[in-house]
Amino acid sequence: MHLVRSSSLLVINIAIYFALVLNSTCDDEKLYTPMEKMLLKKFYSEIKQDLTLEIMHENKYLIRYLRAQNHDIEKAEAMLHRTIEWRNETKMDNILQEDWSSWIRKYPISLNIRDFEGRPTMSTVIGRIDFRKHVLNGKKDELDRYILYCYERSLYNIHHVSKLSGKEFVDGYLLLNLFGYTPQRHACLACMPSWVKLIQNYERHYPQSVTRIIMINSNLSFSFY
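Residues numbered from 1 in each chain as written. Predicted model: local features only at pLDDT ≥ 70, side-chain atom pairs only at ≥ 80, totals over all residues. Heavy atoms only, no water.

Undergrad: What's the story with the overall build of the protein in this structure? I'm lost.
TA: Along the protein, the regular secondary structure elements total nine helices and four strands. Beginning at the N terminus, the succession of helices and strands in the protein can be written as α-α-α-α-α-β-β-α-α-β-α-α-β. Taking all 225 residues of the protein together, the buried fraction comes to 48%. Residue pairs in contact within the protein that sit at least 24 positions apart in sequence constitute 78% of those at least 6 positions apart. Of the roughly 11900 Å² of accessible surface on the protein, 56% is carried by carbon and sulfur atoms. (Helix = DSSP H or I, 4+ residues; strand = E, 2+ residues; numbered from the N terminus. Buried < 20%, exposed > 50% of the residue type's maximum accessible area, 1.4 Å probe, protein only. Contact = heavy atoms within 4.5 Å. Areas by Shrake-Rupley, 256 points an atom, 1.4 Å probe, with all protein chains shown as cover.)

Undergrad: I would appreciate a short explanation of the confidence of the model for the protein in the present structure.
TA: Parts of the model with low pLDDT should not have their predicted coordinates read in detail. This prediction gives the protein a mean pLDDT of 86; 84% of its residues lie at or above 70. Looking over the protein, one finds the lowest element-wise mean pLDDT in helix α1 (residues 9–21), namely 47, and the highest in helix α4 (residues 73–90), namely 98. When the criterion is pLDDT under 50, residues 19–29 qualifies, and its contacts beyond four places in sequence or with other chains add up to 18 contacts. (pLDDT = per-residue confidence, 0-100.)

Undergrad: Looking at this structure, how should I read the packing of helix α3 (residues 59–68) against α4?
TA: To characterise two packed helices, one gives the angle between the axes of the helices and the distance between these axes. Two elements in contact, α3 and α4, have axes whose closest approach is 8 Å; the angle formed by their N-to-C orientations is 120°. With respect to α4, the axis of α3 lies oblique. Pair α3 / α4 crosses with right-handed handedness. When α3 is examined against α4, the residues Tyr61, Leu62, Tyr65, Leu66 and Ala68 are found in contact with a partner set consisting of Ile73, Ala76, Met79, Leu80 and Thr83. Within the contact of α3 with α4, the residues separate by chemical class into nine nonpolar, one polar and no charged. (Axes fitted to C-alpha atoms, helices over the stretch in contact; angles between N-to-C directions. Parallel < 35°, antiparallel > 145°, perpendicular 65-115°, else oblique. Left-handed = near helix turned anticlockwise from the far one by under 90°. Nonpolar A, V, L, I, M, F, W, Y, C, P; charged D, E, K, R; others polar.)

Undergrad: In this structure, what is going on with α3? I would like to understand it.
TA: Structurally, the α-helix is built with 3.6 residues per turn, so residues lying three or four positions apart point the same way. Among the ten residues in α3, eight count as buried, and that is most of the element. Turning to α3, its buried residues are Lys60, Tyr61, Leu62, Ile63, Arg64, Tyr65, Leu66 and Arg67. On the buried face of α3, the contacting elements are α2 (34–47), α4, α7 (140–165) and α9 (192–205).

Undergrad: Sorry, what's going on with the pattern of salt bridges here?
TA: Any two side chains of opposite charge can pair if their charged atoms end up close together. Applying the stated rule across the entire model yields eleven salt bridges. For aspartate 130, the salt bridge is made with arginine 185, and the minimal N-O distance between the two is 3.8 Å. Taken together, the residues span a long stretch of sequence, with aspartate 130 in the loop between β2 (120–124) and α6 (131–136) and arginine 185 in helix α8 (residues 183–186) at a distance of 55 residues. (Salt bridge = Lys/Arg side-chain N within 4 Å of Asp/Glu carboxyl O.)

Undergrad: I'm lost on the state of the cysteines in this one. Help?
TA: A covalent bond bridging the sulfur atoms of two cysteines is what the word disulfide describes. If you walk through the whole model with that rule in mind, you get one disulfide. The side chain of cysteine 188 participates in a disulfide bridge whose partner is cysteine 191; the two sulfur atoms lie 2.3 Å from each other. Here the disulfide of cysteine 188 and cysteine 191 is right-handed, its torsion about the S-S bond being about 75°. Cysteine 191 carries the same exposure label as cysteine 188, and that label is buried. (Disulfide = S-S within 2.5 Å.)

Undergrad: Help me understand the sheet that holds strand β4 (residues 210–216), please; the structure alone is not making it clear to me.
TA: By definition, the strands of a sheet pair up through backbone hydrogen bonds, in either a parallel or an antiparallel sense. Pairing is mixed across the open sheet formed by four strands, whose spatial order is β1-β2-β3-β4. Looking at strand neighbours, the two that pair on one side only are β1 (109–114) and β4, the edges of this open sheet. On average, each strand axis in the sheet is inclined to that of its neighbour by 25°, with strand direction left out of account. One ladder, built from four bridges, connects β1 with β2; its direction is antiparallel. In the strand pairing of β2, serine 110 is matched with serine 123. Packing against the sheet, α7 makes contact with β1, β2 and β3 (172–177), and its axis sits at approximately 25° to β1. (Pairing = 2+ DSSP bridges.)

See below:
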């Protein structure tokens, strides 16, 4: 594999990470196996008293934690408990009610795309987001929280689409438009903590919710062969 621009190495590695890890929720896992159905019943019976959101009681939510922990109920329960604690500490249950209008105008997201099976897709022009500018202007925390807002909307959209369509979708697609991406604005050293937090929050609190990332308008920084 040859990377054309070494200055974007970390961001490229992040893209490769998502391409590999997110694809762990494969197409043939859309439905639950007999073993998973059995494990889901046991998992739910042990943790249902601690669940704080309505969607947490759904199989499509719980199965993500089981799959993320290779179907180990004890580890999945610990992981979900950490998510619940994190949501309380960061007031995540209120994030969709917070005013994100100025951020949405600058960096809109779309949740209206579906594939031929009806699977939900979130899309955004990530190349528009000037990570460096926001970090230098002291808005890193606000940017990080807006990304969490996007995560949360995408998560609820999966459950919403499943309910409306009558189909069980555990995950969705992520369509990233890289138009406007530059190493200076997106891969600077000051930007890296936001990228790291982006990955950590997905892994820890939104596991297995994206099955595939599709990138368009990728420039040479993301070209490898």
